[in-house]
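Geometric and topological summary
These are the residues of each chain, in order.
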Amino acid sequence: MIDLRRLHVLRAVEHYGTVTAAARALHLTTSAASQQVRQLARELGVALLEPQGRGVRLTPAARSLITHADAIQARWERAELDLRADHGDPAGLLRVSGFPMAISVLLAPMAAQLRERHPRLSVRIQEAEVPSSFDLLFEGETDLAVVEATPRNPPLGDARFDQQPLLDDPFDLVVPDRHRLAGLRRVDLSEAAREDWIAPVQDSPCRVHVLSACGAAGFTPDVVHHALDWNVMAHLVAHGLGIALIPRLAHLTPHLPITRVRCTGDPHRKLLTCTRAGGHERPAVAAALGELRSLAPTAVS
């Protein structure tokens, strides 16, 4: 009989990439996590880890076992659902996470609607960037996340998670009110190829979208300023320090002397809902997903 706790440690090693990172996430010492994996290997009679440089990597046998372990975890989610089934009003604790803009525009109004419609349901919101939301889901610390689709996310076919499209968030070109492009209904980004640009910082998921949109228009932007926050970028634009692509979901400081201009080709980013495999069947999660789908069409209008 496989010890499911040891199997979970192996899943964590695969998810986080190293035994040390897995141990930290599981609140274990590195030696204790290693021992759990070694004991699992002895029980199964196969090698699960092999040396790779100064670290280790999963063996083919371990990766095969992970596939079954992910299926077991999904079945356990469904088993818990059956055991705790309450076919009445959604009740209990629902934990959700998302990046700041998703909370402001989607998760906060969702929580308010759920509180009004389902008094027995308590919603707890945690701010988390996209990679952290996947970690929280994997660790069982959150039940539902709103994430941005990025190349660093787990693949849509990853058996551990159920990722579903929620909405497309278009990027608008934001320019000073007196800019030559401010009066246009739509602008081709190639017309802004020689402008000074303000862009998200390195490693920001949205930087990829900005550079890709400019690349599709045939140029690499001359980025002169970098910022973490969309409102910081808007203030830099307002002072005439450059132009920027900013998502329509971003609520910018009112009364700034800036103009949003829609772009031809509709460059956008995709927002997804994400649960653990099988988790979307929980009544509380299903209710939350329903509210998010109702909010999505009006969020970017």
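Before reading further, recall that the structure is shown in the block above.
Moving on: the packing of aromatic side chains. What the rule picks out here adds up to four aromatic pairs. Taken together, a centroid distance of 5.3 Å and an interplanar angle of 75 degrees make the contact between F134 and F161 edge-to-face. One end of the pair, F134, is in helix α6 (residues 130-138); the other, F161, is in strand β6 (residues 161-176), with 27 residues separating them in the sequence. With respect to burial, F134 and F161 carry one shared label: buried. A centroid spacing of 6.4 Å and a plane angle of 70 degrees characterise the contact between F171 and W230, whose relative ring orientation is edge-to-face.

Each regular strand displays side chains that alternate between the two surfaces of the sheet. With four bridges connecting them, strand β1 (residues 49-52) and strand β2 (residues 55-58) associate as antiparallel partners. When the sheet's bridge partners are listed, Q52 is paired in β2 with G55. Turn length for the β1-β2 hairpin, with the two strands adjacent in sequence and antiparallel, is two residues, and the turn residue G53 shows positive phi of about 60 degrees.

With respect to the secondary-structure elements, L10 resides in helix α1 (residues 4-16). For L10, a relative accessible area of 0% gives the class buried. Separated by 262 residues in sequence, L10 and L272 place their C-alpha atoms 27 Å apart. If near-sequence neighbours (up to four positions away) are discounted, L10 is found in contact with V37, L40, L48, L58, A62, L65 and I66.

In this section: the packing of helix α5 (residues 100-117) against helix α9 (residues 283-299). Running from N to C, α5 and α9 cross one another at 130 degrees; their axes reach a closest spacing of 9 Å. The angle between α5 and α9 falls in the class oblique. Of the two elements, α5 crosses α9, and the hand of that crossing is right-handed. Across the interface between the two elements, V105, L106, L107, P109, M110, Q113, L114 and R117 from α5 touch A287, A288, E291, L292, L295 and A299 from α9. Of the residues contributing to the contact of α5 with α9, the split by class is 11 nonpolar, one polar and two charged.

A cluster of nonpolar side chains, I2, L4, L44, V46 and I72, forms an exposed patch at the surface whose accessible area comes to about 370 Å². Mapped onto the elements of the fold, V46 is located in the loop between α3 (30-44) and β1. Note on V46: relative accessible area 36%, which makes it partly exposed.

This part is about unusual backbone geometry. With a phi close to 75 degrees, D203 is a non-glycine residue in the positive phi region. The backbone phi angle of H255 is positive, close to 70 degrees, even though this residue is not glycine. Its location among the elements puts H255 in the loop between β10 (244-247) and β11 (258-263).

Moving on to the side chain of H118. Summarising the element assignment, H118 is placed in the loop between α5 and β4 (121-127). If we ignore the near neighbours within four places in the chain, the residues touching H118 are D89, P90 and A287.

What follows deals with the packing of α1 against α3. Relative to each other, α1 and α3 sit at 115 degrees, their axes nearing to 9 Å. Considering only the axes of α1 and α3, their crossing is left-handed. Of α3, the residues touching α1 (which contributes R6, L7, V9, L10 and V13) are A33, Q36, V37, Q39, L40 and E43. When its residues are assigned to classes, the contact of α1 with α3 shows seven nonpolar, two polar and two charged.

Further remarks concern α5. Since the α-helix advances by 3.6 residues per turn, residues separated by three or four positions end up pointing in the same direction. Its 18 residues place the ends of α5 24 Å apart at the C-alpha level, agreeing with the 26 Å of an ideal helix rising 1.5 Å per residue. The largest bend in α5 is about 40 degrees, located at L107, with the proline P109 one to four residues further on. M101, A102, I103, V105, L106, L107, M110, A111 and L114 are the residues of α5 that are buried.

In this structure, L106, L173 and W197 are the most contacted members of the largest nonpolar core, which totals 91 residues. Excluding residues that lie within four positions of it along the chain, L173 makes contacts with L181, V187, L189, A192, W197, I243, A244, L245, T259, R260, V261 and C263.

Tracing the chain through its elements places R276 in strand β12 (residues 268-276). Taking the relative accessible area as the measure of exposure, R276 reaches 12% and is therefore buried. In this structure the side chain of R276 is engaged in a polar contact, spanning 2.9 Å, whose partner is the backbone oxygen of L137. Apart from the residues lying within four places of it in its own chain, the contact partners of R276 are E77, R95, L136, L137, G140, T142, D143, R160, F161 and D162.

Opposite charge on two side chains makes pairing possible when the charged atoms of those side chains draw close. Evaluated as defined, the whole model comprises 17 salt bridges. Note that R117 is salt-bridged to E291, the shortest N-O span being 2.8 Å. Taken as a pair, R117 in helix α5 and E291 in helix α9 lie far apart in primary sequence, 174 residues in all. A salt bridge links R276 to D143; the shortest N-O distance between them is 3.5 Å.

How each quantity is defined
Residues numbered from 1 in each chain as written. Predicted model: local features only at pLDDT ≥ 70, side-chain atom pairs only at ≥ 80, totals over all residues. Heavy atoms only, no water. Phe/Tyr/Trp six-rings, centres within 6.5 Å; stacked < 30°, edge-to-face > 60°. Helix = DSSP H or I, 4+ residues; strand = E, 2+ residues; numbered from the N terminus. Buried < 20%, exposed > 50% of the residue type's maximum accessible area, 1.4 Å probe, protein only. Pairing = 2+ DSSP bridges. Contact = heavy atoms within 4.5 Å. Axes fitted to C-alpha atoms, helices over the stretch in contact; angles between N-to-C directions. Parallel < 35°, antiparallel > 145°, perpendicular 65-115°, else oblique. Left-handed = near helix turned anticlockwise from the far one by under 90°. Nonpolar A, V, L, I, M, F, W, Y, C, P; charged D, E, K, R; others polar. Patch = residues over 30% accessible without salt bridge, like charges linked within 9 Å, V, L, I, M, F, W, Y side chains within 5 Å. Areas by Shrake-Rupley, 256 points an atom, 1.4 Å probe, with all protein chains shown as cover. Salt bridge = Lys/Arg side-chain N within 4 Å of Asp/Glu carboxyl O. Expected span 1.5 Å × (residues − 1). Bend = angle between axes of the 7 residues up to and from the residue. Core = buried A, V, L, I, M, F, W, Y, C linked by side-chain atoms within 4.5 Å. Polar contact = N/O pair within 3.5 Å; in protein donor to acceptor, adjacent residues only side chain to side chain.

That's the geometry; what it means functionally is another story.
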